[in-house]
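Breakdown of the fold
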Amino acid sequence: MRFLGKLLGVFFGLMFGSWFGALLGLWLGHRFDEAMGQGFVFSSANSQVVQQEFLFSTFAVLGHIAKSKGVVTQQEIQVANFLMDQMRLQGEARRQAQDAFRQGKDASFPLEEQVARFVKVVQGRRDLLQMFMEIQLQGVFADGVVDDSERALLQRVANALGFSAQELDAMISRWEAELNFHRRGGQQQSTQSSAKQLDEAYQILGVTDQDSEQQVKRAYRKLMSQHHPDKLVAKGLPPEMMELAKQRTQDIQRAYEVIKLQRKAKVA
């Protein structure tokens, strides 16, 4: 039914009483058919390939960054295992993830080539690329700090994914804030801790206390849409990684609630 859009376009064009409208409808219908065709190929024939590539690239790049300091720390190994546990990887799937992590640790691992392959396979879908980058940041923050060698590799990965240095800085800032926010449990605490928690909540949403309620809500909704688990899986995120996306949305929701409560109390 690749011609359905064309037929509907011509039909609605003629309804407006002109052949020009029919021709315009035909062109728009053609674009619709093309988009639907591309979506069908991605979601059916290539979905398994996308998911396998996402898993392999994730753990291979994690392994390469972990090795950047010369020695893979116990915390970094624990983070890799924790991610595998969260994804409930067992048997052959877990062995493949472990093998990818080991391949990534090799000094000759082709980082840019592998990331470029990943970008091509996921068809440059920015929300998937962002999720991939955020998982790498989760691994880097395993020991609580980002040293120069890790930062340099993160920048190479970001460049290969199409993110600028400024975008990487923003992601690092948001992830660091989210890590601290998550450790606090998103609950109200002492006055000093509450102030830090509020700052972290603003950083997670990428806004400031000077932004209006409308701007904060818009940022919140955009982040929720970008990290919606079902949407990401539909676009190629491995189902095993849905739990990671859920955790992100929970932190985003809690951050938004903290900001709303503080603003409500301030007005009262």
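As a starting point, this report considers the structure included with it. Everything numeric in this text was worked out from a predicted model, so none of it was measured.

**Remarks on the pattern of salt bridges**
- The final tally for this structure, using the stated rule, is ten salt bridges.
- A salt bridge links Arg94 to Asp85; the nearest nitrogen and oxygen atoms lie 3.0 Å apart.
- Residue Asp169 pairs with Arg151 through a salt bridge whose shortest N-O separation is 2.1 Å. Residue Asp169 is located in helix α9 (residues 165–184), and its partner Arg151 is located in helix α8 (residues 148–161); the two are separated by 18 residues in the primary sequence.

**Re helix α13 (residues 242–267)**
- End to end, α13 covers 38 Å across 26 residues, agreeing with the expected 38 Å (1.5 Å per residue, within 8%).
- Every buried residue of α13 is accounted for by Leu244, Ala245, Arg248, Thr249, Asp251, Ile252, Ala255, Tyr256, Val258, Ile259 and Arg263.

**Considering the side chain of Ser57**
- Among the secondary structure elements, Ser57 is positioned in helix α3 (residues 47–66).
- Judged by relative accessible area, which is 1%, Ser57 ranks as buried.
- The contacts of Ser57, once residues within four sequence positions are left out, are Gln114, Phe118, Phe132 and Gln136.

**Let's talk about unusual backbone geometry**
- Even without glycine at this site, Gln123 takes up a positive phi of about 60 degrees.
- Within the secondary structure, Gln123 is located in the loop between α6 (111–121) and α7 (126–140).
- Since its relative accessible area comes to 44%, Gln123 is described here as partly exposed.

**So, the environment of Asn81**
- Following the sequence through the fold, Asn81 ends up in helix α4 (residues 74–86).
- Residue Asn81 is classed as partly exposed on the basis of its relative accessible area of 28%.

**Considering the nonpolar core**
- Ranked by size, the top nonpolar core spans 51 residues in total, and within it Phe59, Met133 and Leu161 carry the most contacts.
- Every element with two or more residues in this core is listed here: α3, α4, α5 (91–105), α6, α7, α8, α9 and α13.
- Counting residues per element, this core draws most heavily on α3, at nine residues.
- Excluding residues within four positions of it along the chain, Met133 makes contact with Leu154, Val157, Ala158, Leu161, Phe163, Leu168 and Met171.
- If you look at the next biggest cluster of nonpolar residues, it comprises 18 residues, including Phe181, Tyr202, Leu223 and Tyr256.

**Structural notes on the packing of α3 against α6**
- At a minimum axis separation of 10 Å, α3 and α6 run at an interaxial angle of 155 degrees. By the angle between their directions, the pair α3 and α6 is classed as roughly antiparallel. Handedness of the crossing formed by α3 with α6: left-handed. For the pair α3 and α6, contact is made by Val49, Val50, Glu53, Phe54, Phe56, Ser57, Val61 and His64 and by Leu111, Gln114, Val115, Arg117, Phe118 and Val121, respectively.
- For the contact of α3 with α6, a count of residues per class yields nine nonpolar, three polar and two charged.

Analysis parameters
- Residues numbered from 1 in each chain as written.
- Predicted model: local features only at pLDDT ≥ 70, side-chain atom pairs only at ≥ 80, totals over all residues.
- Heavy atoms only, no water.
- Salt bridge = Lys/Arg side-chain N within 4 Å of Asp/Glu carboxyl O.
- Helix = DSSP H or I, 4+ residues; strand = E, 2+ residues; numbered from the N terminus.
- Expected span 1.5 Å × (residues − 1).
- Buried < 20%, exposed > 50% of the residue type's maximum accessible area, 1.4 Å probe, protein only.
- Contact = heavy atoms within 4.5 Å.
- Core = buried A, V, L, I, M, F, W, Y, C linked by side-chain atoms within 4.5 Å.
- Axes fitted to C-alpha atoms, helices over the stretch in contact; angles between N-to-C directions.
- Parallel < 35°, antiparallel > 145°, perpendicular 65-115°, else oblique.
- Left-handed = near helix turned anticlockwise from the far one by under 90°.
- Nonpolar A, V, L, I, M, F, W, Y, C, P; charged D, E, K, R; others polar.

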